[in-house]
Amino acid sequence: MLSNRYQYTIRRLIYSCAIVFLSLFSNVIYAPAMDRSPQSESHDREWVVIWHDEFDGDRVNPAKWRIEDAALIKNNEQQYYTPEDVYLEDGHLVLRSQQRPMGGRDYTSGLVETKGLFTFTYGRVEVRARLPKGKGIWPAHWMMNAVGTWPPEIDIMEMLGHRPTKIHMTNHFGVHPRNSRHGGYYEGPDYSADFHTYAIEWTPDEIKWFIDGVERFSTRKYVHDVPFYIILNTAVGGNWPGYPDETTEFPQYHHIDYVRVYKKNVPGTGFVYLTAEHGQVSQQPNEHRYALGTTIQLAAKPDIGYKFSHWTGDLEGTQNPLDLTIAGNVRAAAVFAEDPDAPGLISSRAAVLSSSQESDQLGPANVVDGNLGTRWSSEFSDPQWIQIDLGEARLIEAMRLNWENAFARSYAIAVSDDALTWSTVYAKADSNGGVHNIRLVQSVSARYIRLTGTERGTQWGYSLWEFEVFGQSQE
Ligand SMILES: [Ca+2]
Ligand SMILES: [Ca+2]
């Protein structure tokens, strides 16, 4: 699934407020409650399930999947993704593609993803599915970077409906627009005729692709080390598959029997798979695997407005940070609770200035309007700044930055009482964008807060959805 920057802009518009709390920390992994069944028939001892959906029941589980409802702008695709074309039937997730107008498009189809609900780094993903076919039909099982930038992307399976015997497997890497890809394909039976399994095994050194349990492609180039989420969809039309014609039969059905994600069971080691909601758990490296007897420290860090409550799953108690000696595999969650003593938002609708703005629509006031669909974007050069005026001195305790895809690699935040003399209260040199919760070590009294970006993360400018300041009134 080729993508581009604009896709994310559009998609971000439609995400709910939940994204403020859910996503985008480079180390954090989010998931619904712990789940311990089933083992894959063929990997009983080697792999341990950390997440799965068998698609039993009568509706798509909203704790596991987000269902798209949008006319995504990418690849010149022609479908409107609607929840009406996503449903469960006979133990399968069904993604239906129809020829009918909706939202300015001539076709409707289905897309589900685990964004904001489940991400992981390294492991095995296995999808059992029967694919749709026909000219212009483009089924895919793929994964995107939970941090929000593109690339990276891993395409577990892509098939072009006019050639249902050919499965494509691709790794996308690099920095847009100098991104690249390494991929392969396999010619087999008609994959629309019956169910087959499509899988990857992703380790720090290599990504391997499997069809029906047989390795069909692998790469050691640019193996990603960040958390990914899973996407299942059928696109209709587009630059790569071409467009439906008189030979294309509608409706088409993409049946998915299950999705299972595993961590490898390696003798002498244990993996630590942690989830968190309203916070994050620091754990390095991303491999999350340690020799038995190793002691690691887990630190649970709540989002602003929350406090750590307790560990659950294979861990227990309220100790934080927690020293953990590895005695086997650990699947656990950090539970956070709302903090009634948390500082309040004091920057809503404040006056905002910036060094530049990309266009009339992308002005600095967009960072304090509480709307995750509006953003500030600077001109495409370094340095740039954006400055919030609270109107009077306030006691500042924390801030939250919500970066668009065009993030700052390096930036600093300074405060002032007169917008002339500044003192730096926070600096970051290696940011990957996303949402940053910043708690000041010591609260500071100031009227003005200025963020200065000194190195951009992309060739675009600096772009923030929201820049929130938390604290107390100066009584
Ligand atoms: Ca099933
Ligand atoms: Ca905004």
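Because the structure is a prediction, the values reported are computed rather than measured.

Reading guide: rules and limits
Residues numbered from 1 in each chain as written. Chains lettered and ligands numbered in written order. Predicted model: local features only at pLDDT ≥ 70, side-chain atom pairs only at ≥ 80, totals over all residues. Heavy atoms only, no water. Phe/Tyr/Trp six-rings, centres within 6.5 Å; stacked < 30°, edge-to-face > 60°. Helix = DSSP H or I, 4+ residues; strand = E, 2+ residues; numbered from the N terminus. Buried < 20%, exposed > 50% of the residue type's maximum accessible area, 1.4 Å probe, protein only. Donors = N, O, S within 2.8 Å, 3.2 Å for Na, K, Ca; no water. Pairing = 2+ DSSP bridges. Axes fitted to C-alpha atoms, helices over the stretch in contact; angles between N-to-C directions. Polar contact = N/O pair within 3.5 Å; in protein donor to acceptor, adjacent residues only side chain to side chain. Salt bridge = Lys/Arg side-chain N within 4 Å of Asp/Glu carboxyl O. pLDDT = per-residue confidence, 0-100. Contact = heavy atoms within 4.5 Å.

### Here's the deal with the packing of aromatic side chains
And step 1. Applying the stated criterion across every chain yields a total of 19 aromatic pairs.
And step 2. Seen from their ring centres, Phe173 and Tyr222 are 4.1 Å apart, and the 15° between their planes marks the pair as stacked. You can see Phe173 sitting in strand β11 (residues 166-175) and its partner Tyr222 sitting in the loop between β15 (214-219) and β16 (228-236), a full 49 residues away along the chain.
And step 3. Under the relative-accessibility criterion, Tyr222 is labelled exposed at 54%.

### So, the coordination of the calcium ion (ligand 2)
The textbook angles at a metal center are 109.5 degrees for a tetrahedron of four donors and 90 or 180 degrees for an octahedron of six.
And step 1. Distances from the calcium ion (ligand 2) to its protein donors, Asn366 (O), Asp369 (OD), Asn371 (O), Thr374 (O), Thr374 (OG1), Trp465 (O) and Glu466 (OE), fall at 2.3 to 2.6 Å.
And step 2. Counting gaps between the donor residues of the calcium ion (ligand 2) yields the pattern N-x2-D-x1-N-x2-T-x90-W-E. In this pair, Asn371 sits in the loop between β26 (351-354) and β27 (376-377) while Trp465 sits in strand β32 (residues 463-473), placing the two residues 94 residues apart along the sequence.
And step 3. What makes Asn371 partly exposed here is its relative accessible area of 36%.

### Looking at the environment of Pro383
And step 1. Relative to the assigned elements, Pro383 resides in the loop between β27 and β28 (384-403).
And step 2. Assessed through its relative accessible area of 54%, Pro383 is described here as exposed.
And step 3. The sequence separation of Pro383 and Ser410 amounts to 27 residues, and the corresponding C-alpha distance is 9.9 Å.

### Description of the sheet that holds strand β23 (residues 322-325)
And step 1. A sheet is described by the order of its strands in space; here three strands give the open sequence β19-β21-β23, paired in antiparallel fashion. Here the strands that pair on one side only, and so sit at the sheet edges, are β19 (279-282) and β23. With strand direction ignored, the average angle separating the axes of adjacent strands in the sheet is 25°.
And step 2. As paired strands, β19 and strand β21 (residues 295-302) are joined by four bridges and run antiparallel to one another. Bridging from a neighbouring strand, Gln280 pairs with Lys301 of β21.

### Focus: the side chain of Glu54
And step 1. When you line up the elements, Glu54 lands in the loop between β1 (47-53) and β2 (66-67).
And step 2. Polar contacts involving the side chain of Glu54 include one to the side chain of His52, which spans 2.7 Å.

### With respect to the pattern of salt bridges
And step 1. The tally for this structure, following the rule as stated, stands at 20 salt bridges.
And step 2. Residues Glu77 and Lys74 are paired through a salt bridge, measuring 3.6 Å at the closest nitrogen-oxygen approach.
And step 3. Its relative accessible area of 3% is what places Glu77 among the buried residues.
And step 4. A salt bridge links Asp85 to Arg96, with the shortest nitrogen-to-oxygen separation between them at 2.7 Å. Placement of the pair is Asp85 in the loop between β3 (79-81) and β4 (86-89) and Arg96 in strand β5 (residues 92-102), with a sequence separation of 11 residues.
And step 5. The network of salt bridges with shared partners includes Glu84, Asp85, Arg96 and Arg100.

### A few points about the confidence of the model for the chain
And step 1. Predicted confidence across the chain gives a mean pLDDT of 88, with 89% of residues reaching 70 or more.
And step 2. Below pLDDT 50 for its whole length, residues 3-44 participates in 136 contacts with residues either more than four positions away or in separate chains.

### Let's talk about the side chain of Thr82
And step 1. Within the secondary structure, Thr82 is located in the loop between β3 and β4.
And step 2. Contact partners of Thr82, with chain neighbours within four places excluded, come to Glu68, Asp69, Arg100, Met102, Thr108 and Ser109.

### With respect to the sheet that holds strand β7 (residues 111-113)
And step 1. The antiparallel open sheet is built from seven strands, whose spatial order is β2-β7-β16-β9-β10-β11-β12. The sheet is open, and its two edges are formed by β2 and β12 (178-187), each paired on a single side.
And step 2. Two elements, strand β10 (residues 153-158) and β11, share four bridges in a ladder whose sense is antiparallel. In the strand pairing of β11, Glu153 is matched with His172.

### Comments concerning unusual backbone geometry
And step 1. For the peptide bond that leads from Phe250 to Pro251, omega is -5°, which places it in the cis range.
And step 2. Of note, Pro251 is situated in the loop between β16 and β17 (252-264).
And step 3. A positive phi angle, close to 55°, is found at Asp90, a residue other than glycine.
And step 4. With respect to the helices, strands and loops of the structure, Asp90 is situated in the loop between β4 and β5.
And step 5. For Asp90, a relative accessible area of 72% puts it in the exposed group.

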